[in-house]
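# Examining the three-dimensional arrangement
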Amino acid sequence: MGDVKGLGELERTVMEVLWHRDNGATAREVSRALADDRDLAHTTVMTVLDRLAKKGFLVREREGRAWRYRPIATKEAYVAELMLGALNMTGDRDAALAHFARSVSGDEVELLRRVLDEVEGT
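Predicted, not measured: the structure shown is a model, and the values here were computed from it. (Residues numbered from 1 in each chain as written. Predicted model: local features only at pLDDT ≥ 70, side-chain atom pairs only at ≥ 80, totals over all residues. Heavy atoms only, no water.)

Turning our attention to helix α6 (residues 106-121). Over its 16 residues, α6 runs 23 Å from end to end, which matches the ideal 22 Å to within 8%, given 1.5 Å per residue. Counting buried positions over the 16 residues of α6 gives 0, only a small fraction of the element. (Helix = DSSP H or I, 4+ residues; strand = E, 2+ residues; numbered from the N terminus. Expected span 1.5 Å × (residues − 1). Buried < 20%, exposed > 50% of the residue type's maximum accessible area, 1.4 Å probe, protein only.)

Structural data, given as structure tokens:
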């Protein structure tokens, strides 16, 4: 995946559209999906999609005369990369992880325990 810090607000908005579509989307489909919330020129959407592909966030394939764009990774993988990037920015990863663990809800603690058990079992 590309540089996670490199996503701007409009890029994240476009990625949200694509993360919610199993088969990706063309620029026209993304433009239509954003039409209710934003007044964007179709060329702007095409430019954003092209930049996201060049940054390594999307893969594109020809579909007739258009390109169909699909995310390289899930939204969850993207968020995990953001979290790891933030962790790497700390001077003390252990302290940051401990603080994070103390900050989550009881249900999230249980989820973390289950996932850690799975990781240790492999």
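Still more to cover.
This brings us to the nonpolar core. Within the largest apolar cluster, 18 residues are counted, with the highest numbers of intra-cluster contacts made by V14, L18, V30, L49, L52 and L58. Elements that contribute at least two residues to this core include exactly α1 (9-19), α2 (27-34) and α3 (42-55). Apart from residues no more than four positions distant in its own chain, L58 is found in contact with M15, L18, L49, L52, A53, Y69, R70, P71 and I72. (Core = buried A, V, L, I, M, F, W, Y, C linked by side-chain atoms within 4.5 Å. Contact = heavy atoms within 4.5 Å.)

Another aspect to go through is the pairing of strand β2 (residues 58-63). Where β2 lies against strand β3 (residues 66-71), 6 bridges are found, and the strand directions are antiparallel. Considered in β3, the bridge of R62 is made with W67. Hairpin connection from β2 to β3: 2 residues lie between these consecutive antiparallel strands, with G64 at a positive phi of about 70°. (Pairing = 2+ DSSP bridges.)

None of this, on its own, says anything about what the molecule does.
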